[in-house]
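Notes for the structure review
Residue-level listing of the chains:
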Amino acid sequence: MADYVVGDIQGCFDGLKTLLHSVSFDPNKDKLIAVGDLIGRGPQALETLEYLYSLGQQFDTVLGNHDLHLLAIYSGIRKAKANDKLDILLADKHIAVYIDWLRSKPLALAIDEHTLISHAGLYPQWSLQQALDLSSECSTLLQSQNWQSHLSHMYGDKPDKWHKDLSGHARWRFIINAFTRMRYMYDAKKLEFECKDAPTRAPKNLLPWFAIPNKNISENTRLIFGHWATLAGQTNNQQVIALDTGYIWGQQMTMWQLQNGKKYAVSFQE
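Keep in mind it's a predicted model, so treat the numbers as computed, not measured.

In this section: unusual backbone geometry. In this chain, K158 is followed by P159 through a cis amide linkage whose omega measures 0 degrees. Even without being a glycine, Q10 presents a positive backbone phi close to 50 degrees. Looking at where Q10 falls in the secondary structure, it is placed in the loop between strand 1 (3-6) and helix 1 (13-22). At K85, a position not held by glycine, the phi torsion is positive, near 55 degrees. Position of K85 among the secondary structure elements: in the loop between helix 3 (65-74) and helix 4 (87-91).

A word on the sheet that holds strand 5 (residues 115-118). Spatially, 4 strands are ordered 4-5-9-10 in an open sheet, and the strand pairing comes out mixed. Each edge of the open sheet is held by one strand with a lone partner, namely strand 4 (108-112) and strand 10 (240-242). For this sheet, the mean angle separating the axes of adjacent strands, direction not counted, is 20 degrees. Relative to strand 5, strand 4 runs antiparallel, the two sharing 4 bridges. Bridge pairing links L109 to I117 in strand 5. Strand contacts of helix 6 (residues 128-142): strand 4, strand 5 and strand 9 (222-225), with the helix running at about 135 degrees to strand 4, the strand carrying the most contacts.

The next thing to look at is the environment of Q10. When its relative accessible area of 4% is taken as the criterion, Q10 is described as buried. On a C-alpha basis, the gap between Q10 and C138 in space is 22 Å, while along the polypeptide they are 128 residues apart. When sequence neighbours within four positions are dropped, the list of residues in contact with Q10 reads D37, L38, I39, G40, R41, G42, H66 and I248.

Before going further, it helps to spend a moment on the pattern of salt bridges. Applying the stated criterion to the full structure yields 8 salt bridges. The partner of K105 in a salt bridge is D60, with the nearest N and O atoms 3.3 Å apart. With K105 in the loop between helix 5 (95-103) and strand 4 and D60 in strand 3 (residues 59-61), this residue pair connects regions lying 45 residues apart in the sequence. The pair formed by K105 and D60 is uniform in burial state, with each residue classed as buried.

On to the environment of N177, then. Among the secondary structure elements, N177 is positioned in helix 8 (residues 168-180). A residue is classified by how much of its surface remains accessible, and N177, at 2% relative accessible area, is buried. Distance in space between the C-alpha atoms of N177 and L38 is 17 Å, their sequence separation being 139 residues. Residues in contact with N177, not counting those within four places in the same chain, are M154, G156, D157, M182 and F193.

Counting 79 residues, the largest nonpolar core has L32, W126 and W209 as the members making the most contacts within it. If we skip the residues at most four places from it in the chain, W126 touches A131, L134, W162, F174, I175, A178, F179, N214, N216 and I217. Judged by nonpolar contacts, the second largest core, of 11 residues, contains L109, I241, W256 and L258.

Read from one edge of the open sheet, 3 strands run 7-6-8, paired in antiparallel fashion. Among the strands making up the open sheet, the edge pair consists of strand 7 (191-192) and strand 8 (207-208). Direction of pairing for strand 6 (residues 184-185) relative to strand 7: antiparallel, over a ladder of 2 bridges. Directly across from M185, in strand 7, lies its bridge partner L191.

So, about the packing of aromatic side chains. Under the counting rule described, the total for this entry stands at 18 aromatic pairs. Taken together, a centroid distance of 6.3 Å and an interplanar angle of 75 degrees make the contact between Y4 and Y264 edge-to-face. One end of the pair, Y4, is in strand 1; the other, Y264, is in strand 12 (residues 263-267), with 260 residues separating them in the sequence. What makes Y4 buried here is its relative accessible area of 5%. The class of Y264 is partly exposed, set by a relative accessible area of 24%. Grouping aromatic residues by their ring pairs yields a cluster made of Y123, W126, W162, F174 and F179.

Quick notes on the rules
Residues numbered from 1 in each chain as written. Predicted model: local features only at pLDDT ≥ 70, side-chain atom pairs only at ≥ 80, totals over all residues. Heavy atoms only, no water. Helix = DSSP H or I, 4+ residues; strand = E, 2+ residues; numbered from the N terminus. Pairing = 2+ DSSP bridges. Axes fitted to C-alpha atoms, helices over the stretch in contact; angles between N-to-C directions. Contact = heavy atoms within 4.5 Å. Buried < 20%, exposed > 50% of the residue type's maximum accessible area, 1.4 Å probe, protein only. Salt bridge = Lys/Arg side-chain N within 4 Å of Asp/Glu carboxyl O. Core = buried A, V, L, I, M, F, W, Y, C linked by side-chain atoms within 4.5 Å. Phe/Tyr/Trp six-rings, centres within 6.5 Å; stacked < 30°, edge-to-face > 60°.

This is the structure:
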C-alpha cells in the first residue's frame, strides 16, 4: 500500500500511465493524489479525467488554475482557446459529471497534521489550518447552486495582499490566486503574477513564496505543490516539495511517495 502525489498532468494521459506503471501502481491498494492542473494544454484531457474519475476513493486532487479555467469555459464565462485542447472533453456526454466532480475538490488538502497539498503553495502569512479554512470557504461557493456567478469574479490580479477583513469577490479572488497562481512575491505579503522564470533568472526584487519565512508553520511541516515548471522540482528547501517538472513542455512528470519520501519521474514521450 502506497500513497503517491503526482505533479501537473495537464491532459498528458500517456505520461501518467507510464509513470504509474513504473511504480506498479495498484488502484486496489494504492492511492494517487494530484497537485492540480489535471488538464490544460495536453492532448488527452478526456482520457485523463475518465481515468482519474474511475479511481473513485483511490484518487484525490486539489484544483489548479487550469481546472478552474475549465469550469469557467464550461460555464460560458471564458472561451476555450485552441491550445487549451479541451474540445473533445467539452463535447463528451459525461462532461457535466466531470464538472460536478471537479467542483467537489478543494484548493488545499491536508494529508496529515503536518502535510499540505495545494496547487501553487502556501501564502507566507497563512498557517496550515487557516489555509484549510480558506479553502473550505471557496469550496462552499463552488458547490453552491449559483457557483457560476461566483466563478465569473475569480479573474484579476487585485487585491494582491491578504487582509483578514477582505470580503466578497475580492476575498474569493485573492484566495484562489494565492492557491493557484502564486509564484513570486515583492515582499512578505504582496503577490506578483507576471514572472514565471526560475529564481536564478528572476528580477532581484522578487522572491519565491517559499523563500519568505512563515512564522505560522513548524519545522516539520511539508508543503507539496506544482504549478511552477521552471523550478524543475528544485526549491533548496526540504520542507517544500515541488512536483511540476514540465512534462507538458517536453521535460518530466514527477511523483512523490509519502511513505518513503522518494521521487519518481518519467521523461516526455511523443
